[in-house]
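Residues per chain are reported as follows:
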Amino acid sequence: MLTIEKNKSLAPYTTMKIGAAAEFFALVGSREDLSEAIAWARDHKKPLWVLGGGSNVLIAKKIKGLVIKNEIKGKEIIKQDKDYAFVEAKSGELWSKFVNFTVERGLSGLENLFLIYGTVGAAPIQNIGAYGVELKDSFYHLRAVDLKTGHEKIFARSDCRFGYRDSIFKRRLKNKYFIYSVTMRLKKSPAFNLGYAPLREKLQEKGLTHPEQRDIIDAIQEIRHSKLPNPVVLPNAGSFFKNAFISRAHFRELQKKYPTIPSWPEGRTKMKIPAGWLIEAVGLKGRKFGPVRMYEKQALILVHDGRADVKQVLALVRKVKAAVKRKFAIDLEEEVNII
Ligand SMILES: Cc1cc2nc3c(=O)[nH]c(=O)nc-3n(C[C@H](O)[C@H](O)[C@H](O)COP(=O)(O)OP(=O)(O)OC[C@H]3O[C@@H](n4cnc5c(N)ncnc54)[C@H](O)[C@@H]3O)c2cc1C
């Protein structure tokens with residue numbers, strides 16, 4: 001039976017380790033628990049909000065209603081053909097454990113997404129991505145439960161409207177569904193994506209001209225450990241801002257003033273500018289504001305020393321956005337969900 005707690009602090013359930021409480025809170029470990037939670041919310045006329053691993057949220061205000069912490073686990077290969085295996089994971093599985101499960105079976109497609117924090121269920125929400133690969137590249141479908149009616153629905157790849165750190169679940173269907181399971185379509189033979197320069201360089205540095213899957217996993221692990229702060233030591237929620245997309249005309253203007261500005265073409269009309277570069281260029285990389293700062297090894301990540309409060313974090317977020325806007329006329333958008 002579902003245990004519902006009142007006024008539960010959510011800080012320990014997030015990698016930022018700070019933030020407000022939930023009016024009501026329950027751990028959901030099965031499909032039955034989920035149905036019970038939906039019925040409880042309906043009977044008590046309360047909204048429902050889903051929490052996964054808490055690695056992409058800042059809980060700025062008390063959450064009204066019932067917060068359900070997803071603990072529904074399980075993973076298996078559900079079917080195979082000559083070239084592909086279809087692997088399903090329940091949404092409360094840790095993403096990294098899921099990637100391990102696929103790698104141990106020699107299945108290919110998720111190597112570059114190794115060690116991303118959080119749960120399987122949250123991965124499609126922002127179409128997680130790293131080192132030139134996104135979840136959508138090997139996504140097959142997901143099963144989701146309507147938080148009002150309790151009805152299940154299958155979403156194919158095109159239904160999810162995946163974009164850069166984006167999907168329909170961050171827009172029109174925000175907070176409408178509980179993602180229950182995710183199925184990935186993975187190659188049975190090696191199909192590595194080595195398009196990302198720092199990954200290629202790391203492999204070259206190790207003298208690996210024909211890397212095997214284990215080599216890629218090890219290289220990803222080394223790159224991540226050298227660049228990204230461990231939330232247990234320095235609380236953070238990964239990249240706080242998304243990279244920026246600007247028009248080509250805007251880019252040409254900026255390039256005249258800042259010839260070293262890094263960029264990648266995005267379609268025919270836009271240019272992508274790394275937000276980390278913009279933050280460094282306005283002098284905010286590594287600069288301390290009391291207990292908070294943009295991380296010195298990766299300016300996109302907002303870290304604190306364990307003593308910060310939400311106000312101090314939000315003040316730095318505003319400062320970064322204002323400085324980038326003033327200097328480059330670019331509006332940075334938060335990647336972290338501020339609740
Ligand atoms: C050190 C660090 C490094 C990171 N590196 C990367 C990276 O390389 N690439 C990347 O893309 N991200 C990265 N992230 C961000 C984060 O790991 C991902 O966004 C992850 O998918 C969040 O998972 P979560 O379970 O913690 O989600 P949460 O933070 O718990 O939730 C995020 C959002 O998803 C919703 N949600 C969660 N589960 C469900 C569900 N089952 N059904 C419906 N809605 C749900 C929540 O309501 C919330 O709005 C990093 C984070 C950290 C701390």
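Note that the structure is a prediction, hence the values are computed from the model and not measured.

**Concerning the site of the ligand**
Phase 1: Around the ligand, the surrounding shell holds 35 residues, and the nearest of these are Val50, Gly53, Ser55, Thr119 and Gly129.
Phase 2: Side-chain polar atom of Trp49 to an oxygen atom of the ligand: 3.5 Å apart, as the coordinates give it.
Phase 3: A distance of 2.6 Å separates an oxygen atom of the ligand from a polar atom in the side chain of Thr119.
Phase 4: Calculation on the ligand without its partners gives an accessible area of 980 Å², and the protein chains cover 95% of this total.
Phase 5: When contributions to the shell around the ligand are tallied by element, the ones reaching two or more residues are β3 (48–51), β8 (129–130), β12 (177–187) and β13 (236–239).
Phase 6: Here the shell around the ligand is composed, by residue class, of 17 nonpolar, 16 polar and two charged.

**Re the pairing of strand β18 (residues 301–304)**
Phase 1: Both faces of β18 are covered, namely the face carrying Ile301 and Val303 and the face carrying Leu302 and His304.
Phase 2: With two bridges joining them, β13 and β18 adopt antiparallel strand pairing. Each residue of the ladder has a partner; that of Ser239, found in β18, is Ile301.
Phase 3: Relative to β18, strand β17 (residues 292–294) runs antiparallel, the two sharing three bridges. Paired with Met294 across the strands is Leu302, a residue of β18.
Phase 4: In textbook terms, the turn of a hairpin is the stretch between consecutive antiparallel strands, and for β17 and β18 this stretch comprises six residues.

**Comments concerning the pairing of strand β7 (residues 84–90)**
Phase 1: Taking burial as the measure, the seven residues of β7 include seven buried ones, the bulk of the element.
Phase 2: Both faces of β7 are covered, namely the face carrying Tyr84, Phe86, Glu88 and Lys90 and the face carrying Ala85, Val87 and Ala89.
Phase 3: Relative to β7, strand β6 (residues 75–80) is paired through five bridges, and the arrangement is antiparallel. Counterpart to Glu76 in the pairing with β7 is Glu88.

**Description of the sheet that holds strand β14 (residues 244–247)**
Adjacent strands of a sheet pair through backbone hydrogen bonds, lying either parallel or antiparallel.
Phase 1: Strand order in the open sheet formed by three strands is β14-β16-β15, with antiparallel pairing between adjacent strands. Two strands close off the open sheet at either side, each with one partner strand: β14 and β15 (264–266). If you compare each strand with its neighbour and ignore which way they point, the axes differ by 40 degrees on average.
Phase 2: Where β15 meets strand β16 (residues 270–273), three bridges bridge the pair, whose relative direction is antiparallel.

**So, the packing of aromatic side chains**
Any aromatic ring pair is given by two values, namely how distant the centres are and how the planes are angled relative to each other.
Phase 1: According to the stated counting rule, one finds twelve aromatic pairs in the structure shown.
Phase 2: Relative to Phe245, the ring of Tyr164 lies with its centre 5.3 Å away and its plane at 65 degrees, an arrangement referred to as edge-to-face. In this pair, Tyr164 is assigned in the loop between α3 (157–160) and β12 and Phe245 in strand β14, connecting sequence segments 81 residues apart.
Phase 3: Its end group placed over the ring of Phe101, Arg105 keeps NZ or CZ at 3.7 Å from the ring centre.
Phase 4: A cation sits over an aromatic face here: Arg185 above Tyr84, 3.6 Å from the ring centre.

Rules used in this analysis
- Residues numbered from 1 in each chain as written.
- Predicted model: local features only at pLDDT ≥ 70, side-chain atom pairs only at ≥ 80, totals over all residues.
- Heavy atoms only, no water.
- Near = heavy atom within 4 Å.
- Polar contact = N/O pair within 3.5 Å; in protein donor to acceptor, adjacent residues only side chain to side chain.
- Areas by Shrake-Rupley, 256 points an atom, 1.4 Å probe, with all protein chains shown as cover.
- Helix = DSSP H or I, 4+ residues; strand = E, 2+ residues; numbered from the N terminus.
- Nonpolar A, V, L, I, M, F, W, Y, C, P; charged D, E, K, R; others polar.
- Buried < 20%, exposed > 50% of the residue type's maximum accessible area, 1.4 Å probe, protein only.
- Pairing = 2+ DSSP bridges.
- Axes fitted to C-alpha atoms, helices over the stretch in contact; angles between N-to-C directions.
- Phe/Tyr/Trp six-rings, centres within 6.5 Å; stacked < 30°, edge-to-face > 60°.
- Lys NZ or Arg CZ within 6 Å of the ring centre and 35° of its normal.

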